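The primary structure of each chain is shown beneath.
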Amino acid sequence: MDMNNPLSLAVLLDGPPADFATEVRLAAGLGFTHIDVVALEERPASDLEALADAGVLVRCAAVGRGLPDGCTPDAADVGLRRDALVRMRRQVADAARLGATHAYVVSGTDARADGLARFAETCGLLADYAAGRMVRLCVEPIPGRALPSAAAVLTWLEKTDHVNLALLLDVGHCLLSGEDAAAAARTAGARLGYVHLDDNDGVSDLHWPLLTGRLTAGYLTCLAVALREMAFTEGLSLELKAVAAERAPALRDSKTIAERLFSQ
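A few points on the structure. (Residues numbered from 1 in each chain as written. Predicted model: local features only at pLDDT ≥ 70, side-chain atom pairs only at ≥ 80, totals over all residues. Heavy atoms only, no water.)

Some details on the overall build of the protein chain
Within the protein chain one finds nine helices and eight strands. For a compact globule of 264 residues, the expected C-alpha radius of gyration is about 18 Å, and the protein chain comes in at 17 Å, within 12% of that figure. If you line up the protein chain on its principal axes, its C-alpha atoms span 45 × 40 × 30 Å. Relative to its 264 residues, the protein chain shows a buried fraction of 52%. Accessible surface, the protein chain: about 11,000 Å² in total, of which carbon and sulfur atoms supply 55%. Taking the 25 positively charged and 35 negatively charged side chains of the protein chain as two groups, their mean positions are separated by 2 Å. (Helix = DSSP H or I, 4+ residues; strand = E, 2+ residues; numbered from the N terminus. Rg over C-alpha atoms; globule rule 2.2 N^0.38 Å. Buried < 20%, exposed > 50% of the residue type's maximum accessible area, 1.4 Å probe, protein only. Areas by Shrake-Rupley, 256 points an atom, 1.4 Å probe, with all protein chains shown as cover. Lys, Arg positive; Asp, Glu negative; His and termini not counted. Charge placed at Lys NZ, Arg CZ, Asp CG, Glu CD.)

Examining the nonpolar core
Ile35, Leu169, Leu197, Leu223 and Phe262 are the most contacted members of the largest nonpolar core, which has 74 residues in total. When residues no more than four places from it in sequence are discounted, the contact partners of Ile35 are Ala10, Val11, Leu13, Val24, Ala27, Leu51, Val56, Leu57, Val58, Arg59 and Cys60. Ala10, Leu12, Tyr104 and Ala166 belong to the second-largest nonpolar core, a separate cluster that totals nine residues. (Core = buried A, V, L, I, M, F, W, Y, C linked by side-chain atoms within 4.5 Å. Contact = heavy atoms within 4.5 Å.)

Some words on helix α9 (residues 247-262)
The terminal C-alpha atoms of α9, which comprises 16 residues, lie 22 Å apart, in line with the 22 Å expected from a rise of 1.5 Å per residue. The set of residues buried in α9 consists of Arg247, Ala250, Leu251, Ser254, Lys255, Ile257, Ala258, Glu259, Leu261 and Phe262. Buried residues belonging to α9 abut β1 (10-12), α1 (20-29), β7 (192-197), α8 (217-229) and β8 (236-238). (Expected span 1.5 Å × (residues − 1).)

A short note on the packing of aromatic side chains
Using the criterion set out here, one finds one aromatic pair in the structure. Measuring from ring centre to ring centre gives 5.3 Å for Phe119 and Trp156, while their planes differ by 45 degrees; the resulting arrangement is tilted. Placement of the pair is Phe119 in helix α4 (residues 113-131) and Trp156 in helix α5 (residues 150-160), with a sequence separation of 37 residues. Trp156 shares its class with Phe119; the two are buried. (Phe/Tyr/Trp six-rings, centres within 6.5 Å; stacked < 30°, edge-to-face > 60°.)

Concerning the sheet that holds β1
One closed barrel holds the eight strands; their spatial order is β1-β2-β3-β4-β5-β6-β7-β8, and the pairing between them is parallel. Strand-to-strand twist across the sheet, computed as the mean angle between neighbouring axes with direction ignored, equals 30 degrees. Bridging between strand β4 (residues 102-106) and strand β5 (residues 136-140) involves five bridges; their strand directions are parallel. Paired with Val105 across the two strands is Val139, which belongs to β5. Lying over the sheet, α5 contacts β5 and β6 (165-170), oriented at roughly 180 degrees with respect to β6. (Pairing = 2+ DSSP bridges. Axes fitted to C-alpha atoms, helices over the stretch in contact; angles between N-to-C directions.)

Points about the packing of helix α3 (residues 78-97) against α4
Running from N to C, α3 and α4 cross one another at 30 degrees; their axes reach a closest spacing of 10 Å. Compared by their axis directions, α3 and α4 come out roughly parallel. The interaxial crossing formed by α3 with α4 has right-handed handedness. The segment α3 lies against α4, with Arg81, Leu85, Met88, Arg89, Val92 and Ala93 engaging Arg118, Glu121, Thr122, Leu125, Leu126, Tyr129 and Ala130. Classifying every residue of the contact of α3 with α4 gives eight nonpolar, one polar and four charged. (Parallel < 35°, antiparallel > 145°, perpendicular 65-115°, else oblique. Left-handed = near helix turned anticlockwise from the far one by under 90°. Nonpolar A, V, L, I, M, F, W, Y, C, P; charged D, E, K, R; others polar.)

So, in structure tokens, the structure goes:
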């Protein structure tokens, strides 16, 4: 991504109550040229037609959604863990077929040493598979889970030491963990794989439009400066939960803010 080209800002189509084609048309109508999607084990042909009709490009995909109960990357049961890996490989294949260059998984729930080791093993195998399809695999920290902060993911990445594993930095999650996103980006360096932009009240992971909660223009500007200094070229995306009549104006307003701050 060229950080001086605001049109490369993506938006995550994260499952509001509308069909995929409607969401793709909305993104294209608002001027987005790139979108992020939720990866599927099997994708209907109609989704491919919607992407072609809209002329948007897929850059990143969420992996690990919709798995059966107990089927997780850090499951203690080896059978469930193996099933999770098989299913997530299918989702990575879906992402690659769509042209995505990045995919991401969220932190596991078992914070014990053996739980983190199981998560690392699964992610390492999935990262190998993704590398073969020219997809960079990122791990997103989630407050309240086993890797609750960017700092925790970076420590885990140091121990895991896999060339195709990186950090997905979520600005909203940094607000919850009390982290400086710009400082986290600089600390990550080459291990920074992707960035999500969203806002909240500092208490719950609400994915509000930008600058409607705790997030300030100054905070985002500092992050933008850090990314430019790093010559960051991986990806920047809006992840908002607004739905129905609020969704279009929320995306439009946040897009305007992000383009203004990140293209200065």
